[in-house]
Amino acid sequence: IKLQLLHVIRGTKLHEMYLKEPFHIMTRDEYTDTVIDMIDERVNIQYSSEEKKLAIRAEAVFFRGWAYRVLAGMYGNVPILEHHATEITTGYTPSNRQTVWEFCKKDFEYAAVNLPKTASKPGKLTRAAADHYLAEISLALGDFDNAVAASTRVIDGTDGDYHLMTTRFGSR
């Protein structure tokens, strides 16, 4: 089992504690909100460059937008929590699907501007991924011009070396 950067070995006391759930494991939403807030609030943290700082924040913002996109698609009205919770709260008001998608759109727009064009290692997010989801969410919102612009950046090479498929893959 891997929790963030903590590996839990089966059969150990920590493994037993994990199975009993005496401590709270952060959800992806809680994790991304915490990362975003800490980058914004902790001005004394030194990054190798401003570009690196923006890329780290953009990755967290992308995942927040992606998570809310999934939640809105599955459940419709969900509460939007833009910042990490610092105390127990129960009176959340759900936002309608349209509002959640607009929130997602802002996150994908930020990510599309601040993510790198090429992945620093396999599996890392790139600008093209953000523009892909920006196009999708723009279609859902009826913002067709923005959907065309975002998808064009992926297709025409602005976001990196990507191409439309021209041949069939797989087998019948």
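Up top is the structure these notes are about.
Since this is a predicted model, take the numbers as computed values, not measurements.

**With respect to the environment of K105**
At step 1: Relative to the elements of secondary structure, K105 occurs in helix α4 (residues 97-114).
At step 2: C-alpha separation for the pair K105 and W66, spaced 39 residues apart in sequence, amounts to 9.6 Å.
At step 3: Those residues in contact with K105 that sit more than four places away from it in its chain are L134, I137, S138, L141, D143 and N146.
At step 4: There is a polar contact of 2.4 Å between the side chain of K105 and the side chain of D143.

**Here we look at the nonpolar core**
At step 1: The biggest cluster of nonpolar side chains holds 21 residues, and the ones touching the most others in it are F62 and F108.
At step 2: Secondary structure elements with two or more residues in this core: α3 (50-75), α4 and α5 (127-141).
At step 3: For F108, the residues in contact, after removing those within four places along its chain, are F62, G65, W66, R69, A130, Y133, L134 and I137.

**A few points about the packing of α4 against α5**
At step 1: Two numbers describe how α4 lies on α5: the axes approach to 8 Å, and their chain directions differ by 155 degrees. Considering the angle they form, α4 stands roughly antiparallel to α5. For α4 against α5, the interelement crossing comes out left-handed. Here Q98, W101, E102, C104, K105, F108, E109, A111, A112 and V113 of α4 lie close against α5, whose contacting residues are R127, A130, D131, Y133, L134, I137, S138, A140 and L141.
At step 2: Split into classes, the residues belonging to the contact of α4 with α5 amount to 12 nonpolar, 2 polar and 5 charged.

**Here we look at the pattern of salt bridges**
At step 1: Scanning the model with the defined rule gives 5 salt bridges in all.
At step 2: Measuring nitrogen to oxygen at the nearest pair gives 2.7 Å for the salt bridge that ties R153 to D131. Of this pair, R153 sits in helix α6 (residues 144-155) while D131 is found in helix α5, placing the two residues 22 residues apart along the sequence.
At step 3: Overall, D131 belongs to the buried group, its relative accessible area being 1%.

**Brief notes about the packing of α3 against α5**
How two helices pack is summed up by the angle between their axes together with the distance between the axes.
At step 1: Close contact between α3 and α5 brings their axes to 11 Å; oriented N to C, the two are set at 35 degrees. Relative to α5, the crossing made by α3 is left-handed. On the side of α3, the interface is formed by F62, W66 and R69, while α5 contributes A129, A130, Y133, E136 and I137.
At step 2: Here the residues of the contact of α3 with α5 are counted per class, giving 6 nonpolar, no polar and 2 charged.

What counts, and at which threshold
Residues numbered from 1 in each chain as written. Predicted model: local features only at pLDDT ≥ 70, side-chain atom pairs only at ≥ 80, totals over all residues. Heavy atoms only, no water. Helix = DSSP H or I, 4+ residues; strand = E, 2+ residues; numbered from the N terminus. Contact = heavy atoms within 4.5 Å. Polar contact = N/O pair within 3.5 Å; in protein donor to acceptor, adjacent residues only side chain to side chain. Core = buried A, V, L, I, M, F, W, Y, C linked by side-chain atoms within 4.5 Å. Buried < 20%, exposed > 50% of the residue type's maximum accessible area, 1.4 Å probe, protein only. Axes fitted to C-alpha atoms, helices over the stretch in contact; angles between N-to-C directions. Parallel < 35°, antiparallel > 145°, perpendicular 65-115°, else oblique. Left-handed = near helix turned anticlockwise from the far one by under 90°. Nonpolar A, V, L, I, M, F, W, Y, C, P; charged D, E, K, R; others polar. Salt bridge = Lys/Arg side-chain N within 4 Å of Asp/Glu carboxyl O.

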